[in-house]
Amino acid sequence: MTDRELRKLRRSDLLELLIQQDEEMEALKDKLADAERRLKSRKIAIDTAGSIAAASVSISGVFEAAQDAAARYLENVEEMSARQEEECARMAEQSRREAEALLKETKERCRKMEEEARRHCEEMKGRGKTEKETKTQTENYWAKPEKEPLAALADFAYSS
């Protein structure tokens, strides 16, 4: 409407026109508030999405660190296991060598004892003693406190 047309209107018409414009203005204000609310909601969603993405990246870093720690732990466990296996193998070999040395020593002691016993018997035979004297002398010989080699011989004989 032009200025001239407005001047020709009556007060009641002007008032109605003013009320209409006021209603339109209120409706536009409501629309504007709704649009601002939706815009703010989108900004929050975008901000939230950004922070969710950042959180996801952060959590991903935590998971990577945990994965690395687990891998290092497994490497350490495998390394310790390998060292223990080597130590066990070394100890088993050492025990085997010690057992062989003890066995060799025991066999040598037995051989010497047998040699000594044969020599002693030959000496007794050579002296021409009677069987009864030889038996008595043999029993006395074996009754000597020198029974440690015999015990070793017996242990060896029973363990073989």
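Please refer to the structure higher up on the page.
Residues numbered from 1 in each chain as written. Predicted model: local features only at pLDDT ≥ 70, side-chain atom pairs only at ≥ 80, totals over all residues. Heavy atoms only, no water.

Below, the discussion takes up the overall build of the protein. Across its full length, the protein holds 4 helices and 0 strands. Starting at the N terminus and ending at the C terminus, the protein contains elements arranged as α-α-α-α. Taking all 160 residues of the protein together, 6% fall into the buried category. A total of about 14,400 Å² of accessible surface is found on the protein, and carbon and sulfur atoms cover 56% of it. (Helix = DSSP H or I, 4+ residues; strand = E, 2+ residues; numbered from the N terminus. Buried < 20%, exposed > 50% of the residue type's maximum accessible area, 1.4 Å probe, protein only. Areas by Shrake-Rupley, 256 points an atom, 1.4 Å probe, with all protein chains shown as cover.)

Glancing now at a nonpolar patch on the surface. Together, L15, L18 and I19 give the surface a local cluster of nonpolar side chains, amounting to about 290 Å² of exposed area. Structurally, L15 is set in helix α2 (residues 11-126). (Patch = residues over 30% accessible without salt bridge, like charges linked within 9 Å, V, L, I, M, F, W, Y side chains within 5 Å. Salt bridge = Lys/Arg side-chain N within 4 Å of Asp/Glu carboxyl O.)

Side chains of D22, E23, E24, E26 and D30 sit close together on the surface and give a patch of like negative charge. Looking at the secondary structure, you find D30 in helix α2. (Lys, Arg positive; Asp, Glu negative; His and termini not counted. Charge placed at Lys NZ, Arg CZ, Asp CG, Glu CD.)

It is worth spelling out the pattern of salt bridges at this point. Counted under the stated rule, the structure contains 11 salt bridges. When the shortest N-O distance is used, the salt bridge between R10 and D13 registers 3.7 Å. Judged by relative accessible area, which is 56%, R10 ranks as exposed. Across the pair E115 and R111 runs a salt bridge whose closest N-O atoms are separated by 2.6 Å. A residue pair is termed a helical-turn pair when its members lie 3 or 4 positions apart in one helix, as E115 and R111 do in helix α2 at 4 residues. A relative accessible area of 40% means that R111 is categorised as partly exposed. Overlapping salt bridges, with partners in common, bring together E93, R96, R97 and E100 in one network.

Note that all results are geometric; they support no functional claim without further evidence.
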